[in-house]
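Listed below, chain by chain, are the residues.
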Amino acid sequence: MTARFLTWWHKPVVQFIGRTLLYAIIIMILVYLYSYRGVTNSRFIYNEF
């Protein structure tokens, strides 16, 4: 099973698709966390001056 997976994984097309999906998922998680943070809703300390 492991040897079959490794031979399958060493194909350039499979590596490209796998890494592209991994990076896309990481970017989507970072964008979600950035939007969840509420950057536009945060109060700036000098708003009352």
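Residues numbered from 1 in each chain as written. Predicted model: local features only at pLDDT ≥ 70, side-chain atom pairs only at ≥ 80, totals over all residues. Heavy atoms only, no water.

Asker: Tell me what's going on with the overall build of the protein chain, and back it up with residues and numbers.
Answerer: A tally of regular secondary structure across the protein chain gives two helices and zero strands. When the 49 residues of the protein chain are sorted by exposure, 4% land in the buried category. Of the roughly 5,200 Å² of accessible surface on the protein chain, a fraction of 71% belongs to carbon and sulfur atoms. (Helix = DSSP H or I, 4+ residues; strand = E, 2+ residues; numbered from the N terminus. Buried < 20%, exposed > 50% of the residue type's maximum accessible area, 1.4 Å probe, protein only. Areas by Shrake-Rupley, 256 points an atom, 1.4 Å probe, with all protein chains shown as cover.)

Asker: Residue-level account of the UniProt feature "transmembrane region" (unreviewed entry) in the protein chain, with values.
Answerer: Per the UniProt entry, the sites bearing "transmembrane region" (unreviewed entry) are residues 16–34 in this numbering. Between the C-alpha atoms that bound residues 16–34 the distance is 27 Å, and the span itself is 100% helix and 0% strand. (UniProt positions renumbered as here; feature names shortened; annotations may be inferred.)

Asker: Can you explain a nonpolar patch on the surface? Please cite residues and give values.
Answerer: A grouping of L22, Y23, I25, I26, M28, I29, L30, Y32 and L33 is seen on the molecular surface, where their side chains present a nonpolar patch of about 960 Å² in accessible area. Examined against the element boundaries, Y23 turns out to sit in helix α2 (residues 12–37). Here Y23 falls in the exposed class, since its relative accessible area comes to 51%. (Patch = residues over 30% accessible without salt bridge, like charges linked within 9 Å, V, L, I, M, F, W, Y side chains within 5 Å. Salt bridge = Lys/Arg side-chain N within 4 Å of Asp/Glu carboxyl O.)

Asker: Let's hear about the packing of aromatic side chains: which residues, and what values?
Answerer: Within the structure shown, the criterion is met by two aromatic pairs. The interplanar angle of 40 degrees and the centroid separation of 6.0 Å between the aromatic rings of F5 and W8 together place this pair among those described as tilted. Remark: W8 and F5 occur in helix α1 (residues 2–9); sequence separation between them is three residues, near one turn of the helix. Of the residues examined, W8 reaches a relative accessible area of 45% and is grouped as partly exposed. Judged by centre distance (6.4 Å) and plane angle (15 degrees), the rings of F5 and W9 are stacked. (Phe/Tyr/Trp six-rings, centres within 6.5 Å; stacked < 30°, edge-to-face > 60°.)

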